[in-house]
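One-letter residues, chain by chain:
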Amino acid sequence: MNKRQLGNSDLYLSEVSLGCMSLGTDHQKAKKIIDRALDAGINYLDTADLYDFGENEKIVGEAIKGRRDEILIGSKVGNNFTPGQDDWTWDPSKQHIKQGLKDSLKRMRIDYIDLYQLHGGTIDDPIDESIEAFEELKQEGLIREYGISSIRPNVIKEYVKKSNIVSVMMQYNALDRRPEEEILQLLADNDINVLARGPLAKGMLSSKGHQKAEDKAKDGFLEYSQEEVLAITKKWQDYVDDERTAQALALQYVLHNPTVATAVFGASSIGQLEENLSYLEAKPLTEQTFKELQKVTKAITYQKHRV
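Residues numbered from 1 in each chain as written. Predicted model: local features only at pLDDT ≥ 70, side-chain atom pairs only at ≥ 80, totals over all residues. Heavy atoms only, no water.

Novice: I would appreciate a short explanation of the packing of helix H8 (residues 209-216) against helix H9 (residues 226-236) in the present structure.
Specialist: Between two packed helices, both the angle of their axes relative to each other and the distance between the axes serve to describe the pair. At a minimum axis distance of 9 Å, the contact between H8 and H9 shows a crossing angle of 170°. On the basis of the axis angle, H8 is roughly antiparallel to H9. Of H9, the residues touching H8 (which contributes Gly209, His210, Ala213 and Glu214) are Gln226, Val229, Leu230, Thr233 and Lys234. Here the residues of the contact of H8 with H9 sort into three nonpolar, four polar and two charged. (Axes fitted to C-alpha atoms, helices over the stretch in contact; angles between N-to-C directions. Helix = DSSP H or I, 4+ residues; strand = E, 2+ residues; numbered from the N terminus. Parallel < 35°, antiparallel > 145°, perpendicular 65-115°, else oblique. Contact = heavy atoms within 4.5 Å. Nonpolar A, V, L, I, M, F, W, Y, C, P; charged D, E, K, R; others polar.)

What follows is the structure in structure tokens.
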């Protein structure tokens, strides 16, 4: 598995990585998925304290027991919740970030987190205070690097200007090309990399894309009408053959931009995981094919999520 560097840090992430939110709460089933991912060469697992209100971190912690030195773990903070209660509030304060880190370490039974991320954010947050918290955690050796998980351009720009983030996790796929228009070059210019979540666009760029679009895009998708999405999913299959699955093509698309360090996909079964791992055996994506795929979709901008 090829690896890509996060900024100028010493963290090198596998090109495809496992987002753990979809694992569910069956510990044995989740462990099998994680074990298979690690055995295939994936070295980055992405979780968050909010996923299943802490249970996801516990599952990840159990699954990596005895394998901690093989992998990089990313988690997120900023949502204040009480375990057992299906409610939370946004809290990017220094106090909450530092307490959240302690809680995450305890749940996963580990000594440090490789990549700690702010799980959202608005322009009205106490950004300087949040940055200070992350910097102190890094100095204390409790985290190795930090980043943010956001699709808000103005928030991202503030962190680029003020902080030492090495990454931004954001939705990016061939249907959601908003990062191409406003964010990717900014991050590249500042030696910051992207963790691309949602690379399969809710499954609409998978082998079941047309079927998924009938459900997921029934009210449209971003600036697309359902009819447009259905037409795209049909054309997407024209680039699929025995040497490249639809899933592999979707992953190749986002990884074509060198600013993207890893494509973070979810899997709720071994079968889904294997479909995404087909990326490892796919024929390379050429520049010509990439440009053709861009013509199949359309460039869109951030109409919402400005602040």
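Novice: Looking at this model, I keep getting lost on the side chain of Gln117. Mind explaining?
Specialist: Along the chain, Gln117 turns up in strand S8 (residues 113-119). Note on Gln117: relative accessible area 0%, which makes it buried. Side chain to side chain, Gln117 and Asp46 meet in a polar contact 3.2 Å long. The contacts of Gln117, once residues within four sequence positions are left out, are Tyr44, Asp46, Gly74, Ser75, Lys76, Val77, Phe134, Gly147, Ile148, Ser149, Met169 and Leu195. (Buried < 20%, exposed > 50% of the residue type's maximum accessible area, 1.4 Å probe, protein only. Polar contact = N/O pair within 3.5 Å; in protein donor to acceptor, adjacent residues only side chain to side chain.)

Novice: Mind showing me how you'd approach the pairing of strand S12 (residues 260-266) here?
Specialist: Look at any regular strand and the pattern is simple: side chains alternate between the two faces of the sheet. Within S12, six of the seven residues are buried, which leaves the element mostly enclosed by the surrounding structure. Pairing geometry for strand S11 (residues 193-197) and S12, over four bridges, is parallel. Looking at S12, one finds that Leu195 is bridged to Thr262. (Pairing = 2+ DSSP bridges.)

Novice: Can you help me understand the nonpolar core in this one?
Specialist: A general feature of soluble globular proteins is that nonpolar side chains tend to end up buried together. The biggest cluster of nonpolar side chains holds 86 residues, and the ones touching the most others in it are Leu18, Leu45, Tyr116, Met170, Leu175, Leu187 and Trp236. The element contributing the most residues to this core is helix H10 (residues 246-255), with eight residues. When neighbours within four sequence positions are excluded, Leu18 is seen to be in contact with Ile33, Ile34, Ala37, Ile42, Tyr44, Leu45, Asp46, Val264, Phe265 and Ala267. Formed by 11 residues, the second largest nonpolar core is a distinct cluster that contains Leu6, Val166, Met169 and Val264. (Core = buried A, V, L, I, M, F, W, Y, C linked by side-chain atoms within 4.5 Å.)

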